[in-house]
Amino acid sequence: MDQKEFFLHHGRQFGTLLGLLILCIVLWILSPYFLTVSNLLNIAQQTSINAIIAVGMTFVIITAGIDLSVGSILAFSGVVLASILRIGLPLPLAIFAGLGVGMVCGLLNGLLITYGKLPPFISTLGMMSVARGAALLYSSGRPISGFSGSLRFLATGEILYIPTPVVIMIVVYLIAHFILTRTKFGRYTYAIGGNEEASVLSGVNVKLNKAMVYGICGMLSGLAAVILTARLNSAQPIAGIMYELDAIAATVIGGTSLMGGEGTIFGTLIGAFIMGVLRNGLNLLGVSSFIQQIVIGSVIIIAVLVDMALKRQKQ
Amino acid sequence: MNNDIVLQMRHISKSFPGVIALDNVDFQLRKGEVHILLGENGAGKSTLVKILSGAYQKTSGDIFFHSTKTEINDPKHAQNLGIGIIYQELNLVSQLSAGENIFLGREPANNLGVIDYKKLFGEAQKLIDDLKVDIDARRLVKDLGVAQQQMVEVAKALSLNAQILIMDEPTSALTDQEIKELFASIRRLKDKGVSIIYISHRLEELFEIGDRVTVLRDGKYVGTHDIQDVTKSDLISMMVNRELKEQFPKQTFKIGDEILRLEGVSNQHLHEINFSLHRGEILGIAGLLGSGRTELARAIFGYDNIRNGNIFINGKNEIITSPKKAIKLGIGYLTEDRKSQGLVLNLSVRENICLPNLDNWSKLGVVSSKKENEATQKYISELHIKTPGMHQKTILLSGGNQQKVVMSKWLCSHADILIFDEPTRGIDVGSKVEIYQLMNKLIAEGAAIIMISSELPELLGMSDRILVMHQGKISGDFPIEEANQEKILHCALGV
Ligand SMILES: Nc1ncnc2c1ncn2[C@@H]1O[C@H](COP(=O)(O)OP(=O)(O)OP(=O)(O)O)[C@@H](O)[C@H]1O
Ligand SMILES: [Mg+2]
């Protein structure tokens, strides 16, 4: 790809990146503490959970779907993970179970959507309630804590001076980017979202691919649960409420079209950071949480408005 | 004819990122004339009329409407100026009925906004009946065939009382009979003083319906002539700037082994279909709209279920449950509707061409971009796909170039049973010949082709054998020497 083409195709991402930079500069001017290493690492750490969930959401939205159940799946995975740790079973097993629970819930979504022919909105709305209920039931409605410290590393540890959750996030993004851009599965994900019928007629196994996309989304919610549980050193059955909205927001701000067929994984990363930086900045500035909600909501709307206006201009 | 000039476009230019679609083009339209716009795929015809309809904004140039300089801001504005357009790609809401589509945005309603459906369907039906086509205004558009949808578009444009009516390849999906009806309507409109801008790649029909012709080449204005002053070959050389030898470069090869056989294949659209296809053969399939031609293709390709009967591939009885399986068995299917079934419009040229072929070009699920690029480059140059690069989204290509992309998908799939449903729809004369030559090459290499087409000259020109379908049955089977237009039409009508 020559340079011009590169910009033509990635212009959208540069736009969001520019937005993020401007946001950072403004916050830097308003609060000198903003641009310190410790604050930036703090932002990255806090963003990592939403950013990881948003990866799964990006896959789902590229297929023209939606997943409302990620927050509930996170809670369910979290309590399962914590309960396994508490009875003293090894950490890898617990993590495996956490990811597995997420994946199974996600696949269930996928099967309902493909073989059950349910609209994604409905089946994941159902799952949102079912998984939340399962988490509450499983934990009897109480937080699960009091397990050995081995899990803590995943939240407080560092690899090459970088906090572990951030490292995990980076790895997830690199893998997801590779999958979306270089593999058959990634290509099919875009094709299905762009035109499902044409994909079937091109020999794509649409049902299998879609089910897998929801499975991945669920599994990443499970991964987010691992990190969140590690950070809090306990698992809450009411964790992750409204997380689906943050993930959808990050994805959409990052340029993924709700109509499907379009979107990039790094756009989502930038989107997640815009959300994270904004929260952090508003906290630094001592803005009340009520006003924060208004600001964040407005930013989501403005970001998408600007995006659509730019797209129209290109015509 | 009246010589009043209703519309003048002067020095019109339009550029897109990486493409100059129109470069200093002039165009003039008289009252009550049918003015043909002609040019190769990507010459800029659709772009020119989209500027008129307000869908695109010109980069420079002037438009005079009844000698007053006018800026056309948006489609609504164009509509108010009395400009109606039928786009190359159909623009109907498939979940609504034909009648609702015709009056979309202008529904007859009472003061409370409640739609008067009786009036809506009544008037819609009248418009449709005026076109002498058999469509129920209450039927949902998604249940109509492409040609019927096309006629709904025509009815919709007519209902706007347009003084200038633009038709971008209206006949590309129509059968001969439907074209006759359409031409009759066009003549009636002409008599009423409506001016028509008409785009088509079917050169024969231009002489039948056109008054004047303007030719574009590579976005530039070549010339305007009265249609009686030019011949077909004049037009071709104006369009492509070179001589075109043969329209149908048919080559015959030794017919090889049987590759496909259908025995008693039936489903809700098909009744007892029997035929066999051999390597080295082009089997043409004729028939009217709704005769089951496309349904036959879909059944073979595993997209529709088969209730009874057997399909044998290379002598082996196969149950084809999905297109994926069909592709594995070496079947390729170029669908008739490129927009809804052929292309993923927001993916690039490369990604579309490669979509059915990724299994061959990937290891452990990772796609080799080298192989993809090679194949894409090959077909871009072989079929002269006009695009600024292989990463251009297909939605930004001209209609004919989109069709070439769909064609490429299957040409590089190494399928040896190729089902082409209206393969040359919207493709210019020069490129058609190139596609026919590619078909020759495929059968020379031992593939077999089933070609479904509504263009009889194409069927007669390229097939080795022609089947005719009528109401889901095969009503005629002719070796090419015995086939002619009349016989085919007889069987197609079931008489
Ligand atoms: N929105 C767009 N963005 C970028 N390029 C475009 C756009 N629309 C058209 N083009 C390009 O402009 C050129 C002219 O296209 P146009 O659709 O006018 O061709 P056409 O003469 O109608 O061809 P066809 O016979 O294939 O329909 C083509 O190269 C096409 O790729
Ligand atoms: Mg066109």
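Residues numbered from 1 in each chain as written. Chains lettered and ligands numbered in written order. Predicted model: local features only at pLDDT ≥ 70, side-chain atom pairs only at ≥ 80, totals over all residues. Heavy atoms only, no water.

Undergrad: How should I be thinking about the domain arrangement of chain B in this particular structure?
TA: Many analyses report the size of an interface as the accessible area lost when the parts associate. All names here are of chain B. Taken domain by domain, chain B holds domain 1 (5–240) and domain 2 (258–492). Counting residues at the interface gives 26 residues for domain 1 and 23 residues for domain 2. Note on domain 1 versus domain 2: buried area summed over both sides is about 2000 Å², and carbon and sulfur give 52% of it. Looking at the side of domain 1 facing domain 2, the largest losses of area belong to Asn41, Glu89 and Thr175, adding up to 28% of the total buried there. With its nearest N and O atoms 3.7 Å apart, the salt bridge here joins Arg202 to Glu455. Applying the counting rule to domain 1 against domain 2 returns 4 residue pairs in polar contact (both at pLDDT 80 or more). Elements with a minimum of two residues in the side of domain 1 that touches domain 2: helix H5 (146–159), helix H6 (176–191) and helix H8 (232–240). Examining the composition of the side of domain 1 that touches domain 2, we find that 3 residues originate from one element, H5, more than from any other. Taken together, the residues that form the side of domain 1 that touches domain 2 break down as 9 nonpolar, 10 polar and 7 charged. (Domains from an automatic or database assignment. Contact = heavy atoms within 4.5 Å. Buried area = accessible area lost by both parts, 1.4 Å probe. Salt bridge = Lys/Arg side-chain N within 4 Å of Asp/Glu carboxyl O. Polar contact = N/O pair within 3.5 Å; in protein donor to acceptor, adjacent residues only side chain to side chain. Helix = DSSP H or I, 4+ residues; strand = E, 2+ residues; numbered from the N terminus. Nonpolar A, V, L, I, M, F, W, Y, C, P; charged D, E, K, R; others polar.)

Undergrad: Is there a simple way to explain the site of ligand 1 in this structure?
TA: Residues and elements named next belong to chain B. Surveying the vicinity of ligand 1 reveals 23 residues, the closest of which are Gly42, Ser46, Thr47, Ser398 and Gly400. A distance of 2.7 Å separates an oxygen atom of ligand 1 from a polar side-chain atom of Ser46. Interatomic distance of 3.2 Å between a backbone N/O atom of Leu396 and an oxygen atom of ligand 1. In isolation ligand 1 has 640 Å² of accessible area, and contact with the protein removes 96% of it. (Near = heavy atom within 4 Å. Areas by Shrake-Rupley, 256 points an atom, 1.4 Å probe, with all protein chains shown as cover.)

Undergrad: Please clarify how the interface of chain B and chain A should be interpreted in this entry.
TA: Contacts between the two partners involve 36 residues from chain B, matched on the other side by 28 residues from chain A. Summed over both partners, the interface of chain B with chain A comes to about 2600 Å²; 55% of that surface belongs to carbon and sulfur atoms. If you sort the residues of chain B by the area they bury against chain A, B:Tyr303, B:Leu355 and B:His391 come out on top, with a joint share of 19%. At the junction of chain B and chain A, the tally comes to 4 salt bridges. Remark: the boundary between chain B and chain A carries 11 residue pairs in polar contact (both at pLDDT 80 or more).

Undergrad: Sorry, what's going on with the nonpolar core here?
TA: One broad trend across soluble globular proteins is that nonpolar side chains are buried collectively. B:Leu260, B:Phe275 and B:Ile450 are the most contacted members of the largest nonpolar core, which has 171 residues in total. In this structure, B:Ile102, B:Met167, B:Leu182 and B:Val429 belong to the second largest nonpolar core, which totals 49 residues. (Core = buried A, V, L, I, M, F, W, Y, C linked by side-chain atoms within 4.5 Å. Buried < 20%, exposed > 50% of the residue type's maximum accessible area, 1.4 Å probe, protein only.)

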